[in-house]
Amino acid sequence: PVLKYSLSWALSGGAVLGIREVSDNVLTVQIPELLGSTQYDFRVQAVNEVGASTAAENASTTPQAVLPAAPGIPGVNNVSQHSVAFAWAAPSHNGGSMLINVLVWASLEGGDWALVASLPGADAGPTTIENLFGDSDYRFRMQAVNGIVASQMSTESAVMRTLKVPPFAPETLQV
């Protein structure tokens, strides 16, 4: 009698990426680590006390694109009176669809979040957000957008305080 089944999967024509063994009465297997828009080949073998059978004919499928991973936490590099420069890590996966942009959100003094920049593609690197208020606390978070959907928000950055600004010039003196 069959004791279990061994399911293996690989990128189309590539090396095996994973193997799941399931009991003889399981007819459905979920594999959450597959990426969308990527073709996979699957093989199933029956296993008994003697060993594994020859694999059944390969079956192929291409899962739909899914939510991309969130970008890494923005980390401060440089702060000026009206801008903040920070670095961040690119998302660990694109969800199976090319990343179109990365959105940068800011919260001023703990207030509501506002979209402050849309960066093309997913190139991680130094990012500068300008036109900020001086002597103010900001937090930032990021979101990746692929061709289908936006990721969850990244974890918020630490508070980044812009530098103090000099006072305005005095009004004209009348003598």
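The present account deals with the structure reproduced in this document. The shown structure was predicted, so the numbers you read here are calculated from the model rather than taken from an experiment.

With respect to the nonpolar core
In summary, soluble globular proteins display a tendency toward joint burial of nonpolar side chains.
Item 1. Grouped together as the largest cluster of nonpolar side chains are 14 residues, with contacts concentrated most on Phe86, Val104, Leu119, Ile129, Phe140 and Met142.
Item 2. Where this core is concerned, the elements lending two or more residues are strand E6 (84-87), strand E7 (99-108), strand E8 (113-120) and strand E10 (137-146).
Item 3. Excluding its chain neighbours within four sequence positions, the residues that come into contact with isoleucine 129 are His82, Ser83, Val84, Phe86, Val104, Val116, Ala117 and Phe140.
Item 4. With six residues, the next largest nonpolar core counts Leu7, Trp9, Ile31 and Tyr40 among its residues.

Side note on the sheet that holds strand E5 (residues 75-79)
Item 1. In space, the three strands of this open sheet follow the order E5-E6-E9, with antiparallel pairing throughout. Here the strands that pair on one side only, and so sit at the sheet edges, are E5 and strand E9 (127-129). Ignoring strand direction, the axes of neighbouring strands in this sheet form an average angle of 30 degrees.

Points about the pairing of E8
Item 1. The pairing of E7 with E8 spans seven bridges and is antiparallel. Across the sheet, the residue bridging to serine 107 is tryptophan 113, located in E8.
Item 2. Between E7 and E8, which pair antiparallel and follow one another directly, the connecting turn spans four residues, one of which, glutamate 109, has a positive phi of 55 degrees.

Remarks on the side chain of serine 151
Item 1. Inspection of the secondary structure assignment puts serine 151 in the loop between E10 and strand E11 (160-161).
Item 2. For serine 151, a relative accessible area of 4% gives the class buried.

Quick word on the pairing of strand E1 (residues 4-11)
Item 1. By the bridge criterion, seven bridges tie E1 to strand E2 (residues 16-23) in an arrangement that is antiparallel. Residue pairing in the sheet places tyrosine 5 in a bridge with valine 22 of E2.
Item 2. The turn linking E1 back onto E2 is made up of four residues, and glycine 13 within it adopts a positive phi angle of 75 degrees.

Quick notes on the environment of leucine 35
Item 1. Locating leucine 35 in the fold gives a position in the loop between E2 and strand E3 (40-47).
Item 2. On the accessibility criterion, leucine 35 (29% relative accessible area) is partly exposed.
Item 3. Considering only alpha carbons, one finds leucine 35 and isoleucine 129, 94 residues apart in sequence, at a separation of 32 Å.

Overview of the environment of serine 12
Item 1. On the secondary structure map, serine 12 appears in the loop between E1 and E2.
Item 2. With residues up to four places along the chain from it excluded, the contact list for serine 12 reads Gln39, Tyr40 and Asp41.

Observations regarding the packing of aromatic side chains
Item 1. All told, the structure shown has two aromatic pairs when counted by the stated rule.
Item 2. Ring plane angle 35 degrees and centroid distance 5.2 Å describe the contact between phenylalanine 86 and phenylalanine 140, whose orientation is recorded as tilted. With phenylalanine 86 in strand E6 and phenylalanine 140 in strand E10, the pair connects residues that are 54 residues apart, well separated along the chain.
Item 3. On the numbers, 6.1 Å between centres and 20 degrees between planes, the contact of tyrosine 138 with phenylalanine 140 is stacked.
Item 4. Pairwise contacts between aromatic rings join Phe86, Tyr138 and Phe140 into one cluster.

What counts, and where the lines are drawn
Residues numbered from 1 in each chain as written. Predicted model: local features only at pLDDT ≥ 70, side-chain atom pairs only at ≥ 80, totals over all residues. Heavy atoms only, no water. Core = buried A, V, L, I, M, F, W, Y, C linked by side-chain atoms within 4.5 Å. Buried < 20%, exposed > 50% of the residue type's maximum accessible area, 1.4 Å probe, protein only. Helix = DSSP H or I, 4+ residues; strand = E, 2+ residues; numbered from the N terminus. Contact = heavy atoms within 4.5 Å. Pairing = 2+ DSSP bridges. Axes fitted to C-alpha atoms, helices over the stretch in contact; angles between N-to-C directions. Phe/Tyr/Trp six-rings, centres within 6.5 Å; stacked < 30°, edge-to-face > 60°.

None of this, on its own, says anything about what the molecule does.
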